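Here is what each chain is made of, one letter per residue.
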Amino acid sequence: MTAAADRARMDPQLMLLLELQDLRAQRKELAESEQAGQVESEHFHIDPTAAGQELDLKIAELEGELDPGVRARYERILPSRDRVVVPVINGVCYGCFVSIPTATAGDQESHTDVQGCEHCGSFIYILG
Ligand SMILES: [Zn+2]
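Keep in mind that what you see is a predicted model, and the values were worked out from it rather than measured.

Parameters and conventions
- Residues numbered from 1 in each chain as written.
- Predicted model: local features only at pLDDT ≥ 70, side-chain atom pairs only at ≥ 80, totals over all residues.
- Pairing = 2+ DSSP bridges.
- Helix = DSSP H or I, 4+ residues; strand = E, 2+ residues; numbered from the N terminus.
- Contact = placed C-beta atoms within 7 Å.
- Axes fitted to C-alpha atoms, helices over the stretch in contact; angles between N-to-C directions.
- Parallel < 35°, antiparallel > 145°, perpendicular 65-115°, else oblique.
- Left-handed = near helix turned anticlockwise from the far one by under 90°.

Visitor: I would appreciate a short explanation of the sheet that holds strand E2 (residues 92-93) in the present structure.
Guide: The pairing of strands in a sheet comes from backbone hydrogen bonds and takes either a parallel or an antiparallel form. With mixed pairing, the four strands of this open sheet are ordered in space as E2-E1-E4-E3. Only two strands of the sheet have a single partner each, and these edge strands are E2 and strand E3 (115-116). Sheet topology note: the strand E1 (residues 85-89)/E2 ladder contains two bridges and is antiparallel. When the sheet's bridge partners are listed, Val88 is paired in E2 with Cys93. Here helix H2 (residues 12-35) sits on the sheet and contacts E1 and strand E4 (123-126); the angle it forms with E1, its principal contact strand, is near 115°.

Here you go:
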């Protein structure tokens, strides 16, 4: 199985969540390097504050595209986790490192195809 094939059958909502996770990581990095004084404005085409605002806008835009059930879970796990989406490899959730039977690793409440780990609440994608 190739990574491209994996992406092709990936739920659009899960894609959104992965993009959000990436944007949030970028936003955090930007804020941290700004605090550490590592951002030198002359190396940027726009200033870091504007870049941060752009990221915030994009994050809000993508959050608006989440299904209500997915968004509710996302907002529930966001405060406690850096990563909202984690892989499941060999049946083990990489959010909590608990073995989860993939047959039951569905989220019955949210009425979507996006799966969540019943143990830690993270959104999951199955890698094997
Ligand atoms: Zn888990």
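Visitor: I tried to follow the packing of H2 against helix H3 (residues 48-63) on my own but got confused; where do I start?
Guide: Packed helix pairs are specified by the crossing angle of their axes together with the interaxial distance, meaning the distance between the axes. Following both chains from N to C, one finds H2 and H3 inclined at 160°, their axes separated by 10 Å at the closest point. Here H2 is positioned roughly antiparallel relative to H3, judged by the angle of their axes. Note on packing geometry: the crossing formed by H2 with H3 is left-handed. Of H3, the residues touching H2 (which contributes Leu16, Glu19, Leu20, Leu23, Arg24, Gln26, Arg27, Leu30, Ala31 and Glu34) are Pro48, Ala51, Gly52, Leu55, Lys58, Ile59, Leu62 and Glu63.

Visitor: I would appreciate a short explanation of the pairing of E4 in the present structure.
Guide: Residues in a regular strand point their side chains to alternate faces of the sheet. Bridge count between E1 and E4: four bridges; the pairing is parallel. Its bridge partner being in E4, Val85 is matched across the sheet by Phe123. Here two bridges tie E3 to E4, and the two strands are oriented antiparallel to one another. From the neighbouring strand, Gly116 faces E4, where its bridge partner is Phe123. What sits between E3 and E4 in their antiparallel hairpin is a turn of six residues, with Gly121 showing a positive phi close to 85°.

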